[in-house]
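# Observations on the model geometry
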Amino acid sequence: MTEQQTWEERAERCLSLRSGQGRPLKVVREVYLRPDVPCFSPMCLAGCRNDSDALLPNGASHYIVPECRIAKDYLELFELTEMQGVVFTQTAAHCVQHEGSRRLAARLRRLVQDPDAGCILFCNEFQKYAHCLQEPQESVAEWRLRSTFRAAEWLFDHLAGQVPLVMVTQTEEEADVYRNQKMGVLVVSFKQYIAEFWKGHAAIMELYTSLSEAAVAGKEGKQFGGYLPQAVLEEALKSGRFVSGRLNVNRFNAVTEAFVARSGVDLTEDSGADILIVGAKDRNRAVHGDEVVVDIFPKSQWRMRSLAVKIEEENEVEDNDDDDEAEKMKESGDKRLPTGRVVGVLKRQWRDYVASLSPNEQGNTNSNKSGKVLVIPWDYRIPKIRIATRQVSLLKEQRCLVRIDNWPSDSQYPNGHLVKALGPIGDLETEIAALLAENELSTSAFTSSLLAELPTDSSEEPWVMSAEEEEQRRDLRHSHLVFSIDPKGCEDVDDTLSLRELENGNVELGVHIADVTFFVQPGSLTDREAQERSTTIYLADRRYDMLPGILSANLCSLISGKDRYAVSVMWELTPKFEVVNVWYGRTIIHSKYKLFYEMAQEVCNGCSDQDILDNVPEFQGVTGEELTQKLKELRWSLIKLTELGRSMKARRTHCGALDLESVEVQVQLTETKGVEDLTPKEHLEVHETIAECMIFANHWVAKKIADAFPSKALLRNHPPPRQEQFDNLLKCATARGFYVDTSSNKALAASLDACVDAKDPLVNSLLRSLATLAMSNARYFCTGAVHPDEFMHYGLALDRYTHFTSPIRRYADVIVHRLLLAAVKQEAEDSSCDKTRAGLPGSKRLDEMADHMNNKHRAAQNAQRDSQELFQSIFFRDHDDDDSVCIADAVIYQLRANGVLVFVPRYGVKGVAYLQDRNSQVLYIPKSCPPEWVSGALIRGDDLLTVDSTLGVQKYCLLEHITVRLSVNLSHAHCQSLKIEVVAKRPHGRGDGGPAEVTTRADMVKRVKQGAEDRQGDEMDTQSLLDSLSPELSQYRQTDPQHSLYNLFQSFHHTGMQF
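Quantities reported herein were computed from a predicted structural model and do not represent experimental measurements. (Residues numbered from 1 in each chain as written. Predicted model: local features only at pLDDT ≥ 70, side-chain atom pairs only at ≥ 80, totals over all residues. Heavy atoms only, no water.)

## Description of the overall build of the chain
Summing up its helical and strand segments, the chain has 31 helices and 41 strands in all. Evaluated residue by residue, the chain yields a buried proportion of 51% over its 1059 residues. (Helix = DSSP H or I, 4+ residues; strand = E, 2+ residues; numbered from the N terminus. Buried < 20%, exposed > 50% of the residue type's maximum accessible area, 1.4 Å probe, protein only.)

Below you can see the structure in the form of structure tokens.
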């Protein structure tokens, strides 16, 4: 018998599992018991190998050991920073994993890995003296309880009684079983523990109350059908009887309309891509984002989607009459879609939801008693949630965070609990916190343990390069003119460029990227945190870095005038920019200039030397011949770089690359975070030049790592869009007489180039924007999980692509850097050339990381968009409706049953302009009078929407220019949104053959003031002048249509025609 065999003991454990078809299975597995399982306590006297970063706190008054159900149901309490010294047993972790959700298990895993949380995972089922076998006739619940007590008992003895242990149970009866069995191990119910140990802590008491009462289901409202058993669902999915997919609720018709995007099904022409779910009853308690199983109805019961954009009100809930709404949908759709009902949920995607009290609950008199109240989520697609709270009075006019716990079949609403209050509704910081929470983005401060492992750079202790590291890198500090071109105010400079002419007449292009992997080692706290965040979050007024500031804004940032580590790709190019040779590796660079885009463009355009000296601070103090030579070098580099960028783009365009359009609006803020102006971002050629260089580098790095690691390289692809996504683009193009070929990216690019209207330059931009909306999302993937035929990037027309150029703000680039350096090392077959570990994940792990990064990148993009919309709302909220900045030109790009979708170029805003209200009145716009809501009807065609009113007939065409007013829809429960109203049926600033007449109040007042100044003393009354300028304001005009007897009879006529 070996030493290993005497040291370990074997035991058998019977597990209750489920097969792939959902059938229960009994599995017996061997368990190896060891006496040296660490306790992770700094008070240990037995010499355990407590080498983990996560340890129990030193000097804690007690350690708490939660029973399995407590760990599962109250994990949120243990995540609070006040809860320190929590010992989760391996038994409890298994319970959370098998009986809780995958999201809950991930939260527990992150908690016990956090060095600052003071919580640990104790592997009691592998500890020789803490292990408990399940006895015959003993239930799983009883064994779990006994196993938890045995772990607490062993831990107390192991620590020699230095710290008392408190085991908490679900009920008093369970606590009574073990209450007096071990001196020093206190066994109490969790309710008693909270009441006695945390009596003065209001937040913990409130959260405990909410979590405790969340399981109580409501007994009122609609009845829903139950879900089919898991085994039945598995068999039906396998046979094709049911289909599965992700539930997507229509934001504009959240009460009645949702779609299920199928997954893993071969689609036919008859089946369609999405399944329509009509009404809350057929949705059957599924929430937006859930993975559901759907039973498709026979074709005779298929419905048509609604073409109306619903006017949402925050008091409107999902308890409306769904049958009436369904009938409206049948009449307004284009074609019937596969329709079905939800019969099961495979995976809940519940998260924390931003919400506020329903207006009906604002007057709740039982504000200090625990009771059920309804909250309205910020997201229109989420149903109302019933929560239990004692803080009704404190939550009035507050945004809060709530979590759904369950949704019983006999409850109209899901049950949840309050997580925390975010702040007053309308407060800027509250709204920012809300949009971050809605996108599941964490912006917490970096922990002290993480910061402790990073280098320092201060006047007292400056950071310096090591001589050993310098010897292993290629030194470019004195041989290359390196510079960066970035937006103004940029601190995290990821990339720099170099360009020089070689002796043989060729040109050398260098793309030098910050070497983040030198400072961020695989598996370190910084690496784990960067992986969790995955990206820097850029909002309109701030950013949240992926890496701590010492790296992102200092040691990794390639700022000018500093020696920095880089990972470089350098090409030798012919005079025609053909690649002769390429080199990859680690370098040391010294950036000479930090240019901003506008200045770089001015240099390319031939600005004077003085302009350069005034705007490039690195030239300060340089004079004479040296100054002349440096100016000449910089001009040559930028002009040559522009030529190179044009050549690169021409080649990609020839292969089918798309030049799509997206309007970026910059928010100009005041010092007090007020919005001074909204300005579209100016498009410069230098933007394209830098982008082409980065695309070039990403492409070549992708080829390198894909060749070196065929099954575990991280690439980025862009799938071709579905053809039905181009429907709106094709309709708009046809309306102007253009033909767009969408059969391939090359055909699409050529078609868009030909869609030019000399009279309306905006047409081409808008068509490119619509093409952008039709695109699929680009995504990261592991080469071992995707067929090589799917590697291609559709939009860029490249066979291989990845992200390499921004490791400071994207974790994907960090992985790609490690892959590239490992490929270079592998090619050199010299392990001494780079002592940094590659830290490469396997194919399965890399695939999981790619999914996580895709989700985080999408969330960050959505948060950036939401913040832009928030500041747009603030901007228009601070201006009167008649202010000139609120009146703008808009272009119609889609026709709906009750209005038109428009694009406002000046502000980059897209939205709906209603032409029919809730009362079925239509909007009629006289030539010289304000718009009026009158009786009438809307008639929708393929490219024409007709308003047939009692005052006349008006027609709206695709790509027609109209004048709109932008204002703000203030909402108590939801985010502020822009309201777009049609004020004139003509382009803004143009009338019938001449300049537009002054119609806005602001312009009229300006003319009044100007007239008063010209007359110098004329005391004409302002109101009388307004009347003279605006005859439509006169009291002597035709009877108001709302009070006209003729129009009343006309409305009767139209009403009769509708039936």
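## Structural notes on the sheet that holds strand 37 (residues 936-940)
Across the sheet, three strands lie side by side as 37-38-39; this open sheet has antiparallel pairing. Sheet topology places strand 37 and strand 39 (952-957) at the edges, where each strand pairs with a single neighbour. Each strand of the sheet is rotated relative to its neighbour by a mean of 15 degrees, with strand direction disregarded. The pairing of strand 37 with strand 38 (residues 944-949) spans five bridges and is classified as antiparallel. By the bridge assignment, A937 is partnered in strand 38 with D948. (Pairing = 2+ DSSP bridges. Axes fitted to C-alpha atoms, helices over the stretch in contact; angles between N-to-C directions.)

## Observations regarding the sheet that holds strand 9 (residues 257-262)
Taken together, the five strands give an open sheet; going across it, the order is 10-9-8-11-14, and neighbouring strands pair in antiparallel fashion. Where the open sheet ends on each side, the last strands, each with one partner, are strand 10 (274-278) and strand 14 (340-347). Here the average twist between neighbouring strands, direction ignored, is 40 degrees. Pairing analysis gives five bridges linking strand 9 to strand 10, with the strands arranged antiparallel. Across the sheet, F259 pairs through a bridge with L276, a residue of strand 10. Here helix 10 (residues 230-239) sits on the sheet and contacts strand 8 (243-249), strand 11 (291-296) and strand 14; the angle it forms with strand 14, its principal contact strand, is near 110 degrees. (Contact = heavy atoms within 4.5 Å.)

## Notes on the environment of V482
Inspection of the secondary structure assignment puts V482 in strand 21 (residues 482-486). On a C-alpha basis, the gap between V482 and S637 in space is 9.7 Å, while along the polypeptide they are 155 residues apart.

## Notes on the packing of aromatic side chains
Counting across every chain of the model gives 22 aromatic pairs. Ring centres 5.7 Å apart and planes at 80 degrees place the aromatic pair F224 and W407 in the edge-to-face group. In this pair, F224 sits in the loop between helix 9 (202-213) and helix 10 while W407 sits in the loop between strand 18 (398-406) and strand 19 (415-424), placing the two residues 183 residues apart along the sequence. Ring pairing ties together the aromatic residues Y74, F78, F88, F190, Y193, F197 and Y208, which thus form one cluster. R251 extends its terminal NZ or CZ atom over the ring of F252, reaching a point 5.5 Å from the ring centre. A cation over an aromatic ring shows up here: R474 above the ring of W583, its NZ or CZ 4.9 Å from the ring centre. (Phe/Tyr/Trp six-rings, centres within 6.5 Å; stacked < 30°, edge-to-face > 60°. Lys NZ or Arg CZ within 6 Å of the ring centre and 35° of its normal.)

## Focus: helix 14 (residues 428-438)
Of all 11 residues that make up helix 14, nine are buried, and the element is covered over most of its length. For helix 14, the elements touching its buried residues are strand 15 (352-357), strand 18, strand 19, strand 24 (537-538), strand 25 (543-544) and helix 28 (843-877). Residue D427 occupies the N-cap position of helix 14, its side-chain oxygen lying 3.2 Å from the main-chain nitrogen of E429. One or two steps after helix 14, the chain reaches E440, where phi turns positive at roughly 55 degrees. (Polar contact = N/O pair within 3.5 Å; in protein donor to acceptor, adjacent residues only side chain to side chain.)

## Describing the nonpolar core
The biggest cluster of nonpolar side chains holds 98 residues, and the ones touching the most others in it are I485, L509, W571, F619, L641, L714 and F804. With 12 residues, the single largest contributor to this core is helix 23 (residues 685-708). Among all residues touching W571, those that are not within four sequence positions of it are V507, E508, L509, V511, V579, N581, V582, F696, A697 and W700. By size, the runner-up hydrophobic cluster in this structure holds 73 residues, among which are F726, A859, Y956 and I980. (Core = buried A, V, L, I, M, F, W, Y, C linked by side-chain atoms within 4.5 Å.)

## A closer look at the pattern of salt bridges
If you walk through the whole model with that rule in mind, you get 58 salt bridges. Where R348 meets D290, a salt bridge forms, and the shortest distance between an N and an O atom there is 2.7 Å. Highlighted residues: R348 in the loop between strand 14 and strand 15 and D290 in the loop between helix 11 (279-283) and strand 11, separated in sequence by 58 residues. Residues joined by salt bridges that share partners form a network here, namely R351, D379, R381 and E438. (Salt bridge = Lys/Arg side-chain N within 4 Å of Asp/Glu carboxyl O.)

## With respect to the packing of helix 20 (residues 597-604) against helix 22 (residues 624-654)
The contact between helix 20 and helix 22 brings their axes to 9 Å, and the two run at 90 degrees. As the angle between them shows, helix 20 and helix 22 are arranged roughly perpendicular. The residues of helix 22 that touch helix 20, namely those facing A600, V603 and C604, are R635, L638, I639 and T642. Looking at the contact of helix 20 with helix 22 residue by residue, the classes come out as five nonpolar, one polar and one charged. (Parallel < 35°, antiparallel > 145°, perpendicular 65-115°, else oblique. Nonpolar A, V, L, I, M, F, W, Y, C, P; charged D, E, K, R; others polar.)

## Looking at unusual backbone geometry
At A160, a residue that is not glycine, the phi angle is positive and equals roughly 55 degrees. Inspection of the secondary structure assignment puts A160 in the loop between helix 6 (140-158) and strand 6 (165-169). You can call A160 exposed: its relative accessible area is 52%. Even without glycine at this site, N284 takes up a positive phi of about 55 degrees. Assignment of secondary structure puts N284 in the loop between helix 11 and strand 11. Residue class for N284 comes out buried when judged on its relative accessible area of 4%.

## Comments concerning empty space enclosed by the protein
All chains considered together, the criterion is met by three cavities of 30 Å³ or more. For the second largest cavity, the full set of lining residues is L441, S442, E532, R533, T535, I537, Y544, D545 and K856. Classifying every residue of the lining of the second largest cavity gives three nonpolar, two polar and four charged. (1 Å grid on protein atoms, 1.4 Å probe; cavity = no way out; pocket = protein on both sides within 12 Å on 5 of 7 lines; lining within 4 Å. Points joined across faces, edges and corners; volume = space filled by probe spheres on them.)

## A closer look at the environment of V756
Turning to its location among the elements, V756 is positioned in the loop between helix 25 (745-754) and helix 26 (762-774). According to the relative accessible area criterion, V756 is exposed, its value standing at 52%. Residues V756 and R736 lie 20 residues apart in sequence; the distance between their C-alpha atoms is 9.8 Å. What V756 contacts, discounting residues up to four positions off in sequence, is F738 and N764.

## Regarding the pairing of strand 22 (residues 495-501)
Counting buried residues along strand 22, five of its seven residues qualify, which places the element largely inside the surrounding structure. As defined by bridge partners, strand 21 adjoins strand 22 across two bridges and the pair is classed as antiparallel. If you follow V482 over to strand 22, its bridge partner there is S498. With seven bridges connecting them, strand 22 and strand 23 (residues 507-514) associate as antiparallel partners. In the sheet register, R500 faces strand 23, and the bridge partner there is E508.

## Looking at the packing of helix 20 against helix 23
Put simply, helix 20 and helix 23 touch, their axes get as near as 8 Å, and they point 100 degrees apart. Here helix 20 lies roughly perpendicular to helix 23, going by the angle between them. Note on element contacts: helix 23 touches helix 20 through E685, V686, H687 and I690, opposite Y597, A600 and Q601. When grouped by side-chain class, the residues that make up the contact of helix 20 with helix 23 number four nonpolar, two polar and one charged.

## What about a negative patch on the surface?
Side chains of E598, E602, D611, D614 and E682 sit close together on the surface and give a patch of like negative charge. Elements that contribute at least two residues to the negative patch include exactly helix 20 and helix 21 (609-615). Within the fold, D611 resides in helix 21. Accessibility expressed as a relative area gives 35% for D611, which makes it partly exposed. (Patch = residues over 30% accessible without salt bridge, like charges linked within 9 Å, V, L, I, M, F, W, Y side chains within 5 Å. Areas by Shrake-Rupley, 256 points an atom, 1.4 Å probe, with all protein chains shown as cover. Lys, Arg positive; Asp, Glu negative; His and termini not counted. Charge placed at Lys NZ, Arg CZ, Asp CG, Glu CD.)

## Side note on the confidence of the model for the chain
Averaged over all residues, the pLDDT of the chain is 83; the fraction at 70 or higher stands at 83%. A low-confidence stretch, residues 217-222 (pLDDT under 50), is modelled with 20 contacts involving residues beyond four sequence positions or located in other chains. Here residues 265-272 is modelled with pLDDT under 50, and outside its nearest four sequence neighbours on either side it reaches 10 contacts, counting other chains as well. (pLDDT = per-residue confidence, 0-100.)

## Notes on helix 9
The first and last C-alpha atoms of helix 9 sit 17 Å apart over 12 residues, in line with the 16 Å expected at 1.5 Å per residue. All of the buried residues in helix 9 are I204, E206, L207, Y208, T209, S210 and L211. Against helix 2 (68-73), helix 3 (75-78), helix 8 (190-197), strand 17 (385-389) and strand 19 lie the buried residues of helix 9. (Expected span 1.5 Å × (residues − 1).)

## With respect to the side chain of N717
Position of N717 relative to the elements: it lies in strand 30 (residues 714-717). Within polar-contact distance, the side chain of N717 engages the backbone oxygen of E790 at 2.9 Å. The contact partners of N717, leaving out residues within four places of it in the chain, are A778, R779, F781, E790, F791, M792 and H793.

## Focus on the environment of I962
Locating I962 in the fold gives a position in strand 40 (residues 961-969). Judged by its relative accessible area of 0%, I962 is buried. Look past the residues within four positions of I962 in its chain and what remains in contact with it is A888, D889, A890, I892, V902, Y956, V982, A984, K985, R986, P987 and H988.

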